[in-house]
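So the chains spell out like this:
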Amino acid sequence: MHRDFWIDRWEENRLGWHQEDAHPLLVKFIGAHPLPKGSRIFVPLCGKTRDIGWLLSQGYRVVAAELSEIAIRQLFDELQTEPAVQKQGALTHFSATGLDVYVGDVFDLTKIQIGPVDLIHDRAAMVALPDDMRARYVSHLAEITDVARQFVISFNYDQELISGPPFSVPQPQIKALYDAFYRSTLLFERDIAGGLKGVAPASEQAWLVESR
Ligand SMILES: C[S@@+](CC[C@H](N)C(=O)[O-])C[C@H]1O[C@@H](n2cnc3c(N)ncnc32)[C@H](O)[C@@H]1O
């Protein structure tokens, strides 16, 4: 899944992953593990997720990263907020009160740009990346966020039945990916009604990933 795949999806408005409401597992997680108001939550590979508006409405600040400028223009339109826009090297910084979004490749995002992060909310981000990019992604996020705590949502299904994204990342792979920097705890697991894409029986897992 490389840059052009995602850019094309946004240009063609083929957004099967996009949800109309905040993700129920995020809402459940924050309900059980509330952060102090004003905490800063990083949403990597954010698309135009409604999770951002929901987190802002809960009194949190959000920093996010996304390849597609179309996505981020639509995100700010939906938030009914006019962003300030500034080119920063390879990235473009869109900002408004409590919200910083970097448009470009997440691997170009630096520790200085991202600033302090209290929690990473990873929904359809790690699982959107093919196997050969995932370890680099996990170590990049660990480096730029000082190994911030993460809430990670993953899928488990038979990869032979459908190709990703989202990719199946079962428990042993989660452990192998994160355990160099973190310890991961399975918080919630639920079956996906009707299967993933209506084809593959699948479950969704939510992990709390904390520095060792
Ligand atoms: C499956 S979508 C998930 C979006 C969002 N997390 C959600 O739950 O709605 C993956 C997103 O990652 C973005 N993306 C893919 N590779 C990226 C990269 N290297 N840097 C930044 N964004 C990327 C895509 O443009 C796409 O919007």
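Residues numbered from 1 in each chain as written. Predicted model: local features only at pLDDT ≥ 70, side-chain atom pairs only at ≥ 80, totals over all residues. Heavy atoms only, no water.

- Under an unreviewed UniProt entry, the name given to the protein chain is Thiopurine S-methyltransferase, and the source organism is Falsiruegeria mediterranea M17.
- Under the UniProt heading Sequence similarities (unreviewed entry), the entry covering the protein chain gives this text: "Belongs to the class I-like SAM-binding methyltransferase superfamily. TPMT family."
- Its UniProt record, at the heading Catalytic activity (unreviewed entry), says of the protein chain: "S-adenosyl-L-methionine + a thiopurine = S-adenosyl-L-homocysteine + a thiopurine S-methylether." (UniProt positions renumbered as here; feature names shortened; annotations may be inferred.)

1. Here we look at the side chain of His93
At step 1: Mapping His93 onto the fold places it in strand 4 (residues 91-96).
At step 2: Here His93 falls in the buried class, since its relative accessible area comes to 11%.
At step 3: A distance of 3.4 Å separates the side chain of His93 from the side chain of Gln88, its partner in a polar contact.
At step 4: Each residue touching His93, except ones within four places of it in the same chain, is listed here: Ala84, Val85, Gln86, Gln88, Asp100, Val101 and Tyr102. (Helix = DSSP H or I, 4+ residues; strand = E, 2+ residues; numbered from the N terminus. Buried < 20%, exposed > 50% of the residue type's maximum accessible area, 1.4 Å probe, protein only. Polar contact = N/O pair within 3.5 Å; in protein donor to acceptor, adjacent residues only side chain to side chain. Contact = heavy atoms within 4.5 Å.)

2. Side note on unusual backbone geometry
At step 1: Residue Pro165 is bonded to the preceding Gly164 through a cis peptide linkage, with omega at -5°.
At step 2: Backbone torsion omega between Pro165 and Pro166 reads 0°, so that peptide bond is classified as cis.
At step 3: Position of Pro166 among the secondary structure elements: in the loop between strand 7 (150-157) and helix 7 (171-178).
At step 4: Phi is positive for Asn13, close to 55°, though the residue is something other than glycine.
At step 5: Tracing the backbone through its elements, the reader meets Asn13 in the loop between helix 1 (3-11) and helix 2 (24-32).
At step 6: The phi angle at Gln80 is positive, at roughly 55°, despite the residue not being glycine.
At step 7: Relative to the elements of secondary structure, Gln80 occurs in the loop between helix 4 (69-79) and strand 3 (84-88).

3. Quick look at the UniProt feature "binding site: S-adenosyl-L-methionine" (unreviewed entry) in the protein chain
At step 1: Within this structure's numbering, the places UniProt gives as "binding site: S-adenosyl-L-methionine" (unreviewed entry) are Trp10, Leu45, Glu66 and Arg123.
At step 2: For Trp10, the position within the fold is in helix 1.
At step 3: Excluding residues within four positions of it along the chain, Trp10 makes contact with Leu15, Trp17, Gly47, Lys48, Glu66, Ser68, Ile70, Ala71 and Gln74.
At step 4: Here Arg123 lies in strand 6 (residues 119-123).
At step 5: Here Arg123 falls in the buried class, since its relative accessible area comes to 18%.
At step 6: With residues near it in sequence (within four places) discarded, Arg123 still touches Trp17, Gln19, His23, Asp51 and Ile153.

4. Some thoughts on the sheet that holds strand 9 (residues 202-211)
At step 1: Spatial ordering of the open sheet is given by 3-4-5-2-1-6-7-9-8, a layout of nine strands whose pairing is mixed. Looking at the sheet topology across the chains shown, the edges are occupied by strand 3 and strand 8 (182-191). Adjacent strand axes in the sheet meet at a mean angle of 20° when their direction is disregarded.
At step 2: Strand direction decides the pairing type here: strand 6 and strand 7, joined by four bridges, are parallel. Directly across from Ile120, in strand 7, lies its bridge partner Gln150. (Pairing = 2+ DSSP bridges. Axes fitted to C-alpha atoms, helices over the stretch in contact; angles between N-to-C directions.)

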